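Chain by chain, the residues run as shown.
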Amino acid sequence: MTSNSSTQTMQEALRQLESETLTALAALSDVLSLEELRVSVLGRKGTLTQILRSLKEVPAEERSAVGSMANGIQDGLNQAIDQKKQSLQASKWQAQITTEALDVTMPGRVRTPGVLHPLTLVTEEICDIFRLMGFHVIDDTLCPEVETDYYNFEALNFPADHPARDMQDTFYTHVGPEVLLRSQTSNAQIRHMEAHQPPVQVVVSGRVYRNEEVSSRKNVLFHQLEGLWVDENVSMADLKGVLHRFVALFFGEERPTRFRSSYFPFTEPSAEMDVQCILCTGAGCRTCGHHGWLEILGAGMVDPNVLQGVKIDPEKYVGFAFGVGIERMAMLKYGIDNIRAFYTNDQRFLTQFRGLS
Ligand code: DAH
């Protein structure tokens, strides 16, 4: 090859390479292929590098012209590749911005935090008051809702066929004549005293069931809190003192209450406590059955027969017990005139108790 022809061939090869590379570059659409192209042309074993290596074949006097042409092409291609890289990166980000765009004007989802049920709130408040007076709050799993006749009645001094059983319309089950849904939380007294010798000073709350006609004041399912204090020197005066203090702390000192004598087979003497109706403040309304008063609890001195039945010596120990109706307490505190409001899960009713815990 003459010096002239080798120079020409080289210049042509350079031009061709330049134009082929630019065409390929224009057609590229991703950064990875761009890098492959750069390596194949400008890399250590790339086409342009190969051509530059054969520069020594060009006659010395023409070498610098061809050399500077080759350098110019190399710089130009490097620049074009960098530009392409930037534009590919920019369009990638653009695509990302479009596909991942957030509509910041879209209204958010309102998540209202849950609230404790008013019966839970009231039960907790009552338990706190009794804690203040030295009572232990015991676990309600100790006294089952599906109970035997023995714990619901017999051990509480309701002998079989005793007319006092009719005071509570009981749901019996198909499991057997002895198995029922407890009609009172007083079963907890027996279960607790069977396992603990005095001193005993406890409260326990739970669900009870009665086969009653549902009305604004009565439901087939409701809640009670049972209390029991057995020790050597517990008296009727203690019972009155504890219950008056409890009612005053729950409703406020100014709320009128009254204490009436009553009858329960498992207490002697027995009493009931009424609170003046908040809805009619004594004048009489549907909620209080036009009496002006609502009964909130039954109580009394534990009958010696009951203590004997659980192997506690009635000569040595005395005690008092009480059973509070939770729904009644809540209705009287918050002026709720329909007991069914507690069970229908109406958000408008339930959310009114937000922030009361
Ligand atoms: N268990 C009774 C009822 O449901 C309420 C009661 C009365 C509970 C007197 C007691 C008590 O502990 O001593 O009607």
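Everything numeric in this text was worked out from a predicted model, so none of it was measured.

1. Regarding the domain arrangement of the protein
Looking at the assigned domains, one finds that the protein contains domain 1 (3-99) and domain 2 (118-353). For domain 1 and domain 2, the distance between their C-alpha centres works out to 94 Å.

2. Section: the pairing of strand S9 (residues 293-302)
Across the 10 residues of S9, eight count as buried, placing the element largely inside the fold. Pairing analysis gives eight bridges linking strand S8 (residues 267-276) to S9, with the strands arranged antiparallel. From the neighbouring strand, Asp274 faces S9, where its bridge partner is Glu295. Inspection of the sheet shows S9 paired to strand S10 (residues 318-325) by five bridges, in the antiparallel sense.

3. Considerations on the packing of aromatic side chains
This model, assessed by the stated rule, comprises 17 aromatic pairs. Measuring from centroid to centroid gives 4.7 Å for Phe130 and Phe246, while their planes differ by 35°, and the two rings are tilted. Separated by 116 residues along the polypeptide, Phe130 in helix H5 (residues 118-132) and Phe246 in helix H8 (residues 236-251) bring together distant segments of the chain. Phe246 shares its class with Phe130; the two are buried.

4. Re the environment of Asp303
You can see Asp303 is positioned in the loop between S9 and helix H9 (304-309). Sequence separation between Asp303 and Ala321 is 18 residues; the distance between their C-alpha atoms is 9.8 Å. In this structure, Asp303 is in contact with Asn157, Pro265, Phe266, Thr267 and Glu268, ignoring residues within four places of it in sequence.

5. What to know about the pattern of salt bridges
Within this structure, the stated rule accounts for 11 salt bridges. Among the ionic pairs, Arg260 bridges to Glu272, the shortest N-O distance being 3.0 Å. In this pair, Arg260 is assigned in strand S7 (residues 257-264) and Glu272 in strand S8, connecting sequence segments 12 residues apart. Classification of Arg260 by relative accessible area gives partly exposed; the value is 28%.

6. Quick look at the site of the ligand
Around the ligand sit 16 residues in total, of which Gln184, Gln189, Arg210, Gln224 and Glu226 are the nearest. Contact distances for the ligand include 2.6 Å between a nitrogen atom and a side-chain N or O atom of Gln184. At 3.0 Å, a side-chain N or O of Gln189 approaches an oxygen atom of the ligand. Out of a free accessible area of 360 Å², the ligand has 93% covered by protein chains. Here the ligand occupies the largest pocket. Contributions of two or more residues to the shell around the ligand are made by strand S6 (221-231), S9 and S10.

Each value, and the rule that gives it
- Residues numbered from 1 in each chain as written.
- Predicted model: local features only at pLDDT ≥ 70, side-chain atom pairs only at ≥ 80, totals over all residues.
- Heavy atoms only, no water.
- Domains from an automatic or database assignment.
- Buried < 20%, exposed > 50% of the residue type's maximum accessible area, 1.4 Å probe, protein only.
- Helix = DSSP H or I, 4+ residues; strand = E, 2+ residues; numbered from the N terminus.
- Pairing = 2+ DSSP bridges.
- Phe/Tyr/Trp six-rings, centres within 6.5 Å; stacked < 30°, edge-to-face > 60°.
- Contact = heavy atoms within 4.5 Å.
- Salt bridge = Lys/Arg side-chain N within 4 Å of Asp/Glu carboxyl O.
- Near = heavy atom within 4 Å.
- Polar contact = N/O pair within 3.5 Å; in protein donor to acceptor, adjacent residues only side chain to side chain.
- Areas by Shrake-Rupley, 256 points an atom, 1.4 Å probe, with all protein chains shown as cover.
- 1 Å grid on protein atoms, 1.4 Å probe; cavity = no way out; pocket = protein on both sides within 12 Å on 5 of 7 lines; lining within 4 Å.
- Sits in = over half its atoms within 2 Å of the grid points.

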